[in-house]
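One letter stands for each residue in the lines below.
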Amino acid sequence: MKIGLFDSGYGGLTILKGIRARMPQYDYVYLGDNARAPYGTRSFEVVYDFTLQAVKALFERDCRLVILACNTASAKALRSIQQNDLPAIDPDRRVLGIIRPTVEVVPEMTATGHIGLLATPGTVASHSYTMEIEKISPELSVTELACPMWVPLVECEEADGDGADYFVRKYIDSLMDADPKIDTIILGCTHYPILLPKIRKYAPEGVRIVAQGALVAESLEDYLRRHPEMEREISRNGTIEYLTTENPEKFDRLASLFLSSSVSSSRITL
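Along each chain, numbering runs from 1 in the same order as the chain's sequence is written. Restriction of local features to residues with pLDDT of at least 70 applies here, the model being predicted, together with a cutoff of 80 or more for giving and counting side-chain atom pairs; totals for whole chains, interfaces and linings are based on all residues. Side-chain numbers come from the whole structure's heavy atoms, not from hydrogens or water.

**Q** Quick question: what am I supposed to make of the side chain of D7 here?
**A** Looking at where D7 falls in the secondary structure, it is placed in strand β1 (residues 2-7). Only 2.6 Å separates the side chain of D7 from the backbone nitrogen of G12, close enough to count as a polar contact. Any two residues whose heavy atoms approach within 4.5 Å are treated as being in contact. Leave out the neighbours within four places in its chain, and D7 touches G12, Y30, L31, G32, D33, A69, C70 and T190. Counting from the N terminus, the helices are DSSP H or I runs at least four residues long and the strands are E runs at least two residues long. Counted as a polar contact is a pair of N or O atoms within 3.5 Å, where, for protein atoms, one must be capable of donating a hydrogen and the other of accepting one, and residues adjacent in sequence contribute only when both atoms are in side chains.

Put into structure tokens, the structure is as follows:
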């Protein structure tokens, strides 16, 4: 059995990178639905349908556990799949998201109690981060802002360009204007760590930037520790298989930017 990771595109590779840095011994399968990306502007129903197709495809490839390494899928599809689909498909398998592991650590990071969220329009519209934070620390104030230009900048390989400076500064300024007391900003999209140098450049001094890769990795390691019966089933050859619904050559080129290493993928149809 393997650990599967799914994203609508390339951003989930930042989650994979964080997980493999912490747990390189396991075998992984990464699936990017690049042909139908982005998910951020799609309806709940469409995101759910696409995500369920991907989860089933990873189960068919011997994944015991699947991580939705996509904030939009975690926000719009995770709960329905966990509650309605898994019991019928295979109650012994698991599907986990990346929103909960992120918000669990936020209360420890903020001094002012004011949190900012930068994410895709779909994640912001779902209010999933705000709802999860309210469950843990209802006293915290959350300000959400959609950044529709950030993912295209990354995927068009413009993360280092002048256009990226303009749009990074624009969204950060808008967020801080909405609540100047914000001292912690969650990057609620897995593409955004590619923009980290510019995000840190334009964020006010003293504001903490929260990326997800290391947090999800730590949470997964803890999950496997608490579920030894599952952990024992996962094979340990240190391998990873890359799957995409797009052109493999295109995927390999862009994926190498996220992973800082060469990638060789195969195309599948969902």
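And the narrative resumes.
**Q** I keep staring at unusual backbone geometry and nothing clicks. Help me out?
**A** Generally, phi is negative for residues other than glycine and the peptide bonds are trans, each holding for most cases. Here the residue pair A37 and P38 is connected by a cis peptide bond, since its omega of 0° sits within 30 degrees of zero. Looking at the element boundaries, P38 is found in the loop between β2 (28-32) and α2 (44-60). Positive phi, close to 65°, is recorded for D62, a residue that is not glycine. A positive phi angle, near 55°, is found at H127, a position not held by glycine. Relative to the helices and strands, H127 resides in the loop between α7 (121-126) and α8 (128-136). With a relative accessible area of 39%, H127 lands in the partly exposed category. Working definition: with a 1.4 Å probe on protein chains only, accessible area under 20% of the residue-type maximum means buried, over 50% means exposed, and in between means partly exposed.

**Q** Which parts of the structure should I look at to understand the sheet that holds strand β3 (residues 63-68)?
**A** Adjacent strands of a sheet pair through backbone hydrogen bonds, lying either parallel or antiparallel. Pairs of strands are assigned from DSSP output, requiring at least two bridges between the strands. Spatially, β4-β3-β1-β2-β9-β10 is the arrangement adopted by the 6 strands of the open sheet, whose pairing is parallel. Lying at the two open borders of the sheet, with one neighbouring strand each, are β4 (94-96) and β10 (265-267). Here the average twist between neighbouring strands, direction ignored, is 25°. Where β1 meets β3, 5 bridges bridge the pair, whose relative direction is parallel. In the strand pairing of β3, I3 is matched with L65. Helix-sheet contacts for helix α1 (residues 12-22) involve β1, β2, β3 and β9 (240-244), and the interaxial angle to β2 is about 170°. Packed on one face of the sheet, helix α14 (residues 248-259) meets β2, β9 and β10 and runs near 140° to β10. Whenever a helix is involved, its axis is fitted only over the stretch in contact; in every case the axis is a line through C-alpha atoms, and angles between N-to-C directions fall within 0 to 180 degrees.

**Q** Just checking my understanding: could you explain the packing of α1 against helix α12 (residues 213-226) for this structure?
**A** Packing of α1 against α12 brings their axes to within 8 Å, and their N-to-C directions diverge by 50°. With respect to α12, the axis of α1 lies oblique. In this structure, the crossing between α1 and α12 has a hand that is right-handed. Two secondary-structure elements touch here, α1 through T14, I15, G18, I19 and R22 and α12 through G213, V216, A217, E218, L220 and E221. For classification, angles of less than 35 degrees are called roughly parallel, those exceeding 145 degrees roughly antiparallel, those between 65 and 115 degrees roughly perpendicular, and all remaining angles oblique. Crossing handedness: left-handed means the near helix sits turned counterclockwise from the far one by under a right angle, and right-handed means the same turn made clockwise.

**Q** Got a minute to help me understand the sheet that holds strand β5 (residues 114-119) in this structure?
**A** Reading across from one edge, β6-β5-β7-β8 is the order of the 4 strands in this open sheet, with parallel pairing throughout. Strand pairing shows two members of the sheet lacking a second neighbour, β6 (141-146) and β8 (208-210), which therefore form its edges. Looking at each pair of strands side by side, their axes are set apart by 20° on average, direction ignored. Sheet analysis places strand β7 (residues 184-187) next to β8, joined by 3 bridges and oriented parallel. In the strand pairing of β8, T184 is matched with R208.

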